[in-house]
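# Results of the structural survey
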Amino acid sequence: MATNGPDEVPAAIYRGIFLAVVFYFVLLIYGQVAGEPLATYAAEFVFAVIAIGVGTILFLQRGTRVAPRATLGAAACLVAGGVLQLTFLFTRVPSLDQASSFAVFAGIGLYIYAVWIVD
């Protein structure tokens, strides 16, 4: 796994994240079309794992970014969103699902701010 610098994430990690996102959408669409609740639960689990994984990567790279505070905020929101999603899976409290979605969208928004606005 070749990297471009000491703090760079290997390309295999990015490919894995991309494949996980594709897998999430396949599970989600299949679960909705086929009416299969197990596929929907699996998609929600994959969503949580993706959010926690991307948040962790952003946390590890926070010092290499132009806006380290925005990157740290994005990482925190994504990890919190993933944890809230896992908590929702076990409790089925609807407000946790909404809070998870809000946290993940906030994390994505902060990441966009850090990459495109500040850069």
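Being a predicted model, the structure only gives us computed values, none of them experimental. (Residues numbered from 1 in each chain as written. Predicted model: local features only at pLDDT ≥ 70, side-chain atom pairs only at ≥ 80, totals over all residues. Heavy atoms only, no water.)

## What to know about the UniProt feature "transmembrane region" (unreviewed entry) in the chain
The UniProt record annotates "transmembrane region" (unreviewed entry) at residues 12-33, 39-60, 72-93 and 99-118. The span residues 39-60 carries 100% helix and 0% strand; its end-to-end C-alpha distance comes to 31 Å. For residues 72-93, helix accounts for 91% and strand for 0%, while the C-alpha atoms at its two ends are 28 Å apart. (UniProt positions renumbered as here; feature names shortened; annotations may be inferred. Helix = DSSP H or I, 4+ residues; strand = E, 2+ residues; numbered from the N terminus.)

## A closer look at the environment of P37
By the element assignment, P37 lies in helix 2 (residues 37-60). By relative accessible area, P37 is classed as partly exposed at 45%. Residues P37 and A75, 38 residues apart in the sequence, show an inter-C-alpha distance of 30 Å. (Buried < 20%, exposed > 50% of the residue type's maximum accessible area, 1.4 Å probe, protein only.)

## What about the packing of aromatic side chains?
Summed over the entire model, instances satisfying the criterion amount to two aromatic pairs. Ring pairing ties together the aromatic residues Y24, F25 and F47, which thus form one cluster. (Phe/Tyr/Trp six-rings, centres within 6.5 Å; stacked < 30°, edge-to-face > 60°.)

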